[in-house]
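One letter stands for each residue in the lines below.
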Amino acid sequence: MKLQEKIKSWCKDEKFMSFAQERARKEVCEVTENHRIDPQYEELDEAFEYDDRYIAPLVTYLTYKLRLALLQRNAGKRKRGIWWVLVHVEMQGAVERTARLQQEAERRDIPVKLYSGGEVFYSLDIVERLEQGKAGTLAGSSYVLTEFLPGEEWNYIYNGAYELAAAGYIPVIAHLERYMNVVSDFDRVEELKNIGCLIQVNASDLPGLVAPLVKRAARRLVREELADLVATDAHSASGSRTFNLEECAAWLKRKCSREYAERLLYANAAAILDKKQI
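Reading guide: rules and limits
Residues numbered from 1 in each chain as written. Predicted model: local features only at pLDDT ≥ 70, side-chain atom pairs only at ≥ 80, totals over all residues. Heavy atoms only, no water. Buried < 20%, exposed > 50% of the residue type's maximum accessible area, 1.4 Å probe, protein only. Helix = DSSP H or I, 4+ residues; strand = E, 2+ residues; numbered from the N terminus. Arc of directions from axis to C-beta. Pairing = 2+ DSSP bridges. Right-handed = clockwise from strand over helix to strand, strands pointing away. Patch = residues over 30% accessible without salt bridge, like charges linked within 9 Å, V, L, I, M, F, W, Y side chains within 5 Å. Areas by Shrake-Rupley, 256 points an atom, 1.4 Å probe, with all protein chains shown as cover. Salt bridge = Lys/Arg side-chain N within 4 Å of Asp/Glu carboxyl O. Lys, Arg positive; Asp, Glu negative; His and termini not counted. Charge placed at Lys NZ, Arg CZ, Asp CG, Glu CD. Contact = heavy atoms within 4.5 Å. Axes fitted to C-alpha atoms, helices over the stretch in contact; angles between N-to-C directions. Expected span 1.5 Å × (residues − 1).

Enquirer: Explanation requested: helix α11 (residues 245-255) in the structure shown.
Expert: An α-helix turns once every 3.6 residues. As a result, residues three or four positions apart point the same way. For α11, the complete set of buried residues consists of Cys248, Trp251 and Leu252. Along α11, the residues classed as buried sweep out an arc of 100° about the axis, all on the same side. What points out from α11, more than 90 degrees from its buried face, is the exposed set Glu246, Lys253 and Arg254.

Here you go:
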């Protein structure tokens, strides 16, 4: 099988793509070597922010760094060098692809406004990464969609959220219903809310498309009106990690007030895009 065909088959493999995404995220968040400052890259990256024509020398430099990494005889250095390039390509890719897709939509007269944003996996240097532009907020706002490991300790989650809030950001805790060390005691949810956190639940978790414990926690967050946003957490257009918004909306219509459902599905998200306080 040719390499191109192999890559295509890998991209269709949900397990492989899930592994690749998780591996890249861990590399960004946990490997100190990949946080080292490269003055040439930083200079080109800053120039690109002001003039997107700098994308050409930026890509050239990343290509050079990849070739340099591949020439390393030491396996550890070679591996770190390759992942350094991947991490920086990922950081550039989201913003650049969003801008290009927006241009294409406008060219085709498609009336849609696109925003870049995504989960930021919490690490001890999260504030530094946000300030350096190595991690992104939601649509350039002060809201940070923050993710932790499902089995993470309560104190680590609370301290991480507090650190973000103290630095002037608004933590949006991603799929809180999956953090058993938080939802095992709902007073802890209140503690997070009291320091300014918003709570996001996954669309698939409310209609019961997941594990029973997660479903119960998600539903209680909504019943007690502790949740602030519903989001898809979709990883692909099909398969087990798809959108499921229709099922979620139907469940909300049956189980909560219209006004609260509208806040969860639309109003609070719109406030984030408009950089307004929720």
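That shown, we press on.
Enquirer: Any chance you could explain the pairing of strand β3 (residues 170-173) here in plain terms?
Expert: A regular strand places its side chains on the two faces of the sheet in alternate fashion. Burial along β3 is two-sided: the residues Ile170 and Val172 and Pro171 and Ile173 are all buried. Of the strand pairs in this sheet, strand β2 (residues 143-147) and β3 are connected by four bridges, and their pairing is parallel. Bridging across to β3, Leu145 finds its partner in Val172. Each parallel crossover has a hand, and for β2 linked through helix α7 (residues 154-166) to β3 it is right-handed. With two bridges joining them, β3 and strand β4 (residues 198-202) adopt parallel strand pairing. Within β4, the position partnered with Val172 by the bridge is Leu198.

Enquirer: Help me understand a negative patch on the surface in this model?
Expert: A contiguous patch of negative charge, built from Asp185, Asp187, Glu190 and Glu191, is present on the exposed surface. Residue placement: Asp187 occurs in helix α9 (residues 186-194).

Enquirer: When you look at the sheet that holds strand β1 (residues 120-121) in this model, what are you seeing that I'm missing?
Expert: Strands belonging to one sheet form pairs held by backbone hydrogen bonds; the direction of such a pair is parallel or antiparallel. Pairing is parallel in the open sheet, where five strands are placed in the order β1-β2-β3-β4-β5. Each having just a single partner strand, β1 and β5 (229-231) make up the two edges of the open sheet. Where β1 and β2 come together, two bridges link them in parallel fashion. The residue bridging Val120 from the neighbouring strand is Thr146, located in β2. Contacts from helix α12 (residues 258-273) reach β2 and β5 within the one sheet, and its direction differs from that of β5 by about 100°.

Enquirer: Would you take a moment to explain α7 for this structure?
Expert: For α7, spanning 13 residues, the distance from its first C-alpha to its last is 18 Å, which sits close to the expected 18 Å at 1.5 Å a residue. For α7, the set of buried residues is Trp154, Ile157, Gly160, Ala161 and Leu164. Viewed along the axis of α7, the buried residues span an arc of 140°, placing them on a single side of the element. The outward face of α7, more than 90 degrees from its buried face, is lined by the exposed residues Asn155 and Ala166.

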